[in-house]
Amino acid sequence: MSMETTLSREDIVRLTERIEGAQTRAYAIPKLTNEYPNMTHGDGYAVQTELRRRFIAQGHRHVGWKAGLTSKAKMQQMGVNVPSIGFLTDRMARPENSAISTGDLVHPRVECEVAFVTKADLAGPNCTKEDVLAATDYVLPAVEIIDSRFSGFKFDLESVIADNGSSARYVGGGRARDPKDLDLRTLGVVMEKNGEMVAMGASAAVLGHPAEAVAMLVNILAEMGETLPAGSFVMSGGITEAIAVKPGDNVIARFQELGSVSMRFVE
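Keep in mind it's a predicted model, so treat the numbers as computed, not measured.

Each value, and the rule that gives it
- Residues numbered from 1 in each chain as written.
- Predicted model: local features only at pLDDT ≥ 70, side-chain atom pairs only at ≥ 80, totals over all residues.
- Heavy atoms only, no water.
- Pairing = 2+ DSSP bridges.
- Helix = DSSP H or I, 4+ residues; strand = E, 2+ residues; numbered from the N terminus.
- Axes fitted to C-alpha atoms, helices over the stretch in contact; angles between N-to-C directions.
- Buried < 20%, exposed > 50% of the residue type's maximum accessible area, 1.4 Å probe, protein only.
- Salt bridge = Lys/Arg side-chain N within 4 Å of Asp/Glu carboxyl O.

Student: Would you mind showing me how to read the sheet that holds strand β7 (residues 188-193) here?
Tutor: Strands in a sheet are paired, the pairing made by backbone hydrogen bonds, and the direction either parallel or antiparallel. What the 5 strands build is an open sheet, ordered β3-β12-β11-β7-β8; its pairing is mixed. For this open sheet the edge positions go to β3 (99-101) and β8 (196-202), each flanked by a neighbour on one side alone. Looking at each pair of strands side by side, their axes are set apart by 25° on average, direction ignored. In this structure, β3 lies alongside strand β12 (residues 259-266), joined through 3 bridges in parallel fashion. In the sheet register, I100 faces β12, and the bridge partner there is F265.

Student: I tried to follow the pairing of strand β11 (residues 250-255) on my own but got confused; where do I start?
Tutor: Along any regular strand the residues' side chains alternate between the sheet's two faces. With burial as the criterion, only one face of β11 is covered, namely that bearing V251, A253 and F255; the residues N250, I252 and R254 on the opposite face remain uncovered. The pairing of β7 with β11 spans 5 bridges and is classified as antiparallel. Residue V189 lies in a different strand from β11, and its bridge partner there is F255. Where β11 folds back on β12, the antiparallel hairpin that results is connected by 3 residues, among which E257 adopts a positive phi of roughly 70°.

Student: Whenever I open this one, the pattern of salt bridges confuses me. Can you help?
Tutor: Should their charged atoms come close, side chains of opposite charge can pair. Counting across every chain of the model gives 18 salt bridges. Here E17 ties to R54 by a salt bridge, and the two come within 3.5 Å at their closest N and O atoms. Residue E17 is located in helix α1 (residues 9-25), and its partner R54 is located in helix α2 (residues 41-57); the two are separated by 37 residues in the primary sequence. Overall, the relative accessible area of 44% leaves E17 in the partly exposed class. One salt-bridge network, in which partners are shared between bridges, spans R9, E17, E20, E50, R53 and R54.

Written out as structure tokens, the structure is:
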């Protein structure tokens with residue numbers, strides 16, 4: 001992925017303000033490429049980096065990263081051959097079993113992911129799945145609540161990257177496990193909404209192995225001049241398709257070997 005940029009500093013600040021407004025006040029905006037058709041992936045990351053800088057300046061704590069578009073189906077759908085990444089802060093985290101408000105979200109949807117917590121620093125550009133597994137303290141099951149802020153679900157990769165990969169909320173739960181004790185390729189996952197099964201998948205959906213997605217994330221960070229510090233929380237990408245939720249919905253994600261994660265949605 002080229003990190004070449006075309007936008008001026010003023011444009012980056014303008015677009016960051018537009019994204020921040022949509023995220024903090026929960027309204028939909030047109031995709032950014034309508035106004036900036038030549039926008040590159042690098043421009044998207046420049047906006048995302050400015051957004052992260054602002055959130056940290058407002059007191060958010062940067063706790064880790066997430067990989068997006070990690071399944072072959074999602075990449076084909078978006079016409080890309082590399083995943084995207086987004087940052088995670090402490091204010092996006094919600095406790096297991098909690099009531100999550102949808103009033104401050106635009107189009108909330110949930111997907112199941114394997115989360116990694118690292119015990120050693122990781123750096124690209126040649127990070128491998130084996131490097132990731134060696135640097136992993138434990139893995140745990142997680143549900144990401146994503147929220148595309150673009151009207152009519154019309155978006156492209158440049159806009160999605162700028163919007164921090166639709167990051168909104170996340171919930172970790174279940175049992176923390178040493179990845180050496182698991183076959184992370186074959187974990188089965190079932191998502192239930194209001195007692196009915198709505199999605200199922202196997203962890204191989206994430207680039208063949210969730211640690212591959214984390215390695216790719218570390219290599220994208222290297223292109224941004226960044227590394228992944230020890231103690232990072234990393235979500236490796238959706239195993240299941242994203243399922244829409246609304247107030248009144250109860251969601252439980254059951255992961256083979258890792259236990260389950262549950263939450264309910266309220267106004």
